[in-house]
Amino acid sequence: MLKKFRLILGLISIVLAVTSCQLATVRSLSEDDEAKAGFDPHNYVHEMWETRFVPTFLESAVEINQLLAEIRADRDAAITAHGNRSGTGNFSFMVHGEARVLEVDTESRIGLMSVDFDPFDGQPDANIAIGPVIRRTNNAAIDAVGFIRFNDFVNQTEFASVSDAIKSRILTEVLEPLDLPSLQDQTIAFYGAFTLDDVNNMEIVPIRIVLTTGRRWLCTGRVMTAVLMMMPLSGQ
């Protein structure tokens, strides 16, 4: 009887020991080094910029006039078909198009380029952000791309740091190579993102800008995408 009692106590002890165990996360040495170093938003953006981020825009962006027509006809249907957001808030869209540059404001830190969408009527249709600072509240690029979600990150700080890193990449890779003042009165092809708030006051964050003045620009869809991928950012 005593042996049986001891056996039961032994089994109970084993069960308690097993249930109190915590599973350990197994990492490779490189993953362990990264965890110790902390999250690097610039490295995160660097690793997916050319392989996924830019290609997603070039493949999935909607022609701007087509999108605006859909929004005006049925806002909810346009959001369902083309809109994305990383968390809550307004939806953002990936767009492309051709425009004439009406004005280039390089005096403000939050510089803007006023553009008139094709077909040109001489009236401003939107602004394109040109820096050297992109508004902190303008998260259109990270929201519109569709595969970056707020819940993928540990906290708000990590997510915000990725948005800032994307803006930094846009400033250095998309905008710095351009001679911005010289774009006034020229035509450009662009890919970018905007957040749907007021379609009469759009601010597009550019992902690619190519000067098209003097070119026979007959490309559309996938053909235009291929041309833009091969051309230098300045289009020269």
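To be clear, the structure that these remarks concern was listed above.
Note that the coordinates shown come from a computational prediction; the quantities given were computed from them, not determined experimentally.

A.B. asks: Before we go on, may I ask you to explain the overall build of the protein chain in this structure?
C.D. replies: For the protein chain, the count of helices and strands is 8 helices and 6 strands. Traced from its N-terminal end to its C-terminal end, the protein chain shows the element sequence α-α-α-β-α-α-β-β-β-α-α-β-β-α. The buried share among the 236 residues of the protein chain stands at 41%. Sequence-distant contacts, at least 24 apart, represent 66% of the contacts inside the protein chain between residues at least 6 apart. Carbon and sulfur atoms make up 53% of the accessible area of the protein chain, which amounts to about 13,600 Å² in all.

A.B. asks: How do you make sense of the side chain of N84 when you look at a structure like this?
C.D. replies: Within the secondary structure, N84 sits in the loop between helix 5 (75-82) and strand 2 (92-105). By relative accessible area, N84 is classed as buried at 19%. When near neighbours in sequence (up to four residues on either side) are disregarded, N84 contacts F91, S92, M94, D143, A144, V145, G146 and R149.

A.B. asks: Explanation requested: the side chain of D116 in the structure shown.
C.D. replies: The topology assignment puts D116 in strand 3 (residues 110-117). Within the buried core, D116 has no salt-bridge partner, and the shortest N-O distance to an opposite charge, that of R100, equals 5.2 Å. A distance of 2.8 Å separates the side chain of D116 from the backbone nitrogen of G122, its partner in a polar contact. Residues within four places of D116 in sequence aside, it is in contact with E98, A99, R100, L102, D121, G122, Q123 and D125.

A.B. asks: Looking at this model, I keep getting lost on the pattern of salt bridges. Mind explaining?
C.D. replies: In a structure, side chains of opposite charge can pair up when their charged atoms sit close to one another. Tallied over the entire structure, the rule returns 3 salt bridges. With its nearest N and O atoms 2.8 Å apart, the salt bridge here joins E203 to R135. Of this pair, E203 sits in strand 6 (residues 203-211) while R135 sits in the loop between strand 4 (126-132) and helix 6 (140-144), and the two are 68 residues apart along the sequence. Judged by relative accessible area, E203 falls into the buried class, the value being 16%. Taking the shortest distance from any N to any O, the salt bridge between R136 and D164 comes out at 3.0 Å. With R136 in the loop between strand 4 and helix 6 and D164 in helix 7 (residues 156-175), the pair connects residues that are 28 residues apart, well separated along the chain. The class for R136 is exposed, based on a relative accessible area of 59%.

A.B. asks: What is the right way to look at the packing of aromatic side chains in this model?
C.D. replies: Given two aromatic rings, one states the distance between the centres and the angle between the planes to describe the pair. Tallying each qualifying case throughout the model produces 9 aromatic pairs. For the ring pair F53 and F57, a centre distance of 5.4 Å and an interplane angle of 45° mean the geometry is tilted. In this pair, F53 and F57 both sit in helix 3 (residues 41-60), 4 residues apart, roughly one turn of the helix. This pair shows no difference in class: F53 is buried, exactly as F57 is. Pairwise contacts between aromatic rings join F39, Y44, F150, F153 and F159 into one cluster.

A.B. asks: I tried to follow the nonpolar core on my own but got confused; where do I start?
C.D. replies: Soluble globular proteins tend to pack their nonpolar side chains together in the buried interior. The biggest cluster of nonpolar side chains holds 61 residues, and the ones touching the most others in it are F53, M113, F117, I166, I170 and F194. If one sorts the elements of this core by residue count, helix 7 sits on top with 8 residues. Here I166 is in contact with V45, M48, W49, F53, A141, I142 and I148, once residues within four sequence places are set aside.

A.B. asks: Is there a simple way to explain helix 3 in this structure?
C.D. replies: Because an α-helix packs 3.6 residues into every turn, residues spaced three or four apart end up facing the same way. In this model helix 3 runs just 24 Å from its N-terminal to its C-terminal C-alpha over 20 residues, more than 12% under the 28 Å that 1.5 Å per residue would give. W49 marks where helix 3 bends most, by close to 80°. Buried within helix 3 we find P41, V45, M48, W49, F53, V54, T56, F57 and L58. For helix 3, the N-terminal cap is D40; the gap from its side-chain oxygen to the backbone nitrogen of H42 is 3.1 Å.

Criteria and thresholds
Residues numbered from 1 in each chain as written. Predicted model: local features only at pLDDT ≥ 70, side-chain atom pairs only at ≥ 80, totals over all residues. Heavy atoms only, no water. Helix = DSSP H or I, 4+ residues; strand = E, 2+ residues; numbered from the N terminus. Buried < 20%, exposed > 50% of the residue type's maximum accessible area, 1.4 Å probe, protein only. Contact = heavy atoms within 4.5 Å. Areas by Shrake-Rupley, 256 points an atom, 1.4 Å probe, with all protein chains shown as cover. Lys, Arg positive; Asp, Glu negative; His and termini not counted. Salt bridge = Lys/Arg side-chain N within 4 Å of Asp/Glu carboxyl O. Polar contact = N/O pair within 3.5 Å; in protein donor to acceptor, adjacent residues only side chain to side chain. Phe/Tyr/Trp six-rings, centres within 6.5 Å; stacked < 30°, edge-to-face > 60°. Core = buried A, V, L, I, M, F, W, Y, C linked by side-chain atoms within 4.5 Å. Expected span 1.5 Å × (residues − 1). Bend = angle between axes of the 7 residues up to and from the residue.

Note that all results are geometric; they support no functional claim without further evidence.
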